[in-house]
Amino acid sequence: MNYWLIVNKAAGDGSHGESYWRGYLKAAGIEELRVRGLSETEWEQEVAPGDRVLVAGGDGSVNRVVPVCIERSATLGVLPSGTANDFARNLGLPDDPLELCRLMASQQSVAVDVAWLNGTAFLNVAHIGLGTLPARKASQEQKRHLGRFSYLLTLAQRLGMQRGIHGRIECDDRTVEGPWLTIAIASGAYFGGGHEIPEASIDDGMLNVVAVRHHSWLRVLLAFLATRLLRQAPRSNETVVHFQSPQCHIQLRHDHTVTADGESLGRMANISAFTRHGVLKVMGNRLVSGRPEAAAAVHYTPNDASPMVRPNPKSF
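Here the structure is a predicted model, which is why all the values come from computation and not from measurement. Each chain has its residues counted from 1, following the order in which its sequence is written. Local features in this predicted model are restricted to residues whose pLDDT is 70 or higher, and side-chain atom pairs enter the listing and the counts only when it is 80 or higher, whereas totals over whole chains, interfaces and linings include all residues. Hydrogens and water molecules were not included; the side-chain quantities draw on all heavy atoms of the structure.

(A) A look at the side chain of S106. Think of it this way: any DSSP run of H or I at least four residues long counts as a helix, any run of E at least two long counts as a strand, and we number them from the N terminus. With respect to the secondary-structure elements, S106 resides in the loop between helix 4 (97-105) and strand 5 (109-117). Residue burial is assigned from relative accessible area. The probe radius is 1.4 Å, only protein chains are included, and a residue is buried under 20% of its type maximum, exposed over 50%, and partly exposed in between. When its relative accessible area of 17% is taken as the criterion, S106 is described as buried. At 2.7 Å, the side chain of S106 forms a polar contact with the backbone oxygen of L103. Contacts described as polar in this section are N or O atom pairs within 3.5 Å, which, within protein, must combine one atom able to donate a hydrogen with one able to accept it, while residues neighboring in sequence count only if both atoms come from side chains. From its side chain, S106 meets the backbone nitrogen of Q108 in a polar contact 3.3 Å long.

So this is what it looks like as structure tokens:
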């Protein structure tokens, strides 16, 4: 078994690089490391089954390594070094770097879900609409000085500039259409630098599709506050639509930018996403879930639902 250390030198403020993690890993008993840069690709074919691939970077860096770990039957290790680090939150990893590296040196692991959107894997969330702005517009300088709050700053700066996107969302036998402010497809419970989807988990085999209608900002704000303060999953109503399903399809009237785990996937109008339960082995000993003990599954309001019909792109 080999330990790999894959480093993204551009992640976060740049302070948590190779030298930073080497010291803690050595103190935890991991001295033999195969170190590679995230931009390199040759190492991918050298990873053997059972190897442990430690990633020093943010969510985008971890996302980049996930397909390698699945294909090569390796175990992923996360050394949070980015701006948001939402996947580390989903795993409930310790904040103390030495304790974290001791966990990396142990034999403990958990199995988590991985989602795919049009063939690209993601771990936390994919965004269409307003939710893509922080990832696209937050500058590296803002990220260095403000950390995850840079996303909130960018969002606040752009609120008045976003127009609605028209699209149809299908999940199982449910479908809804309209103008949307933002559409999020989440695999885990955390995204956007610590924002939480209550009652969600990264090992439940489900996607949480949350779409906000293009209403007044006051109604959107009230829906957001109700979700955050009451710590309940967003209930489907005239402002927010929430689906839970292993898969979904979204047909937009026009091409729009799509991001996944903070990285742009380009512009597209025809979007299909699905999740696979427990296909990724990750070093850790517990998972974080926002699901209360006796919470019931959330379903879309029956009165507003209609049978799923695959949309004809020409009708948009």
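(B) Representation of the state of the cysteines. What counts as a disulfide here is a pair of cysteine sulfur atoms lying within 2.5 Å. Scanning the entire structure with this criterion turns up zero disulfides. Of all cysteine sulfurs in the structure, the one in C248 sits closest to C171, which takes part in no disulfide; the separation is 4.7 Å. Overall, C171 belongs to the buried group, its relative accessible area being 1%.

(C) Broad picture of helix 4. Along helix 4, the positions that sit buried rather than exposed are P97, L100, C101, L103 and M104. The buried residues of helix 4 occupy an angular sector of 150 degrees when the element is viewed end-on, so they sit on one face. Considering only its buried residues, helix 4 is in contact with strand 1 (3-7), helix 1 (18-27), strand 3 (52-57), strand 4 (75-80) and strand 15 (263-283). Its side-chain oxygen placed 3.2 Å from the backbone nitrogen of L98, D96 serves as the N-cap of helix 4. To be clear, the arc concerns the directions from the helix axis to the C-beta atoms. By the convention used here, residues are in contact when the closest approach between their heavy atoms is within 4.5 Å.

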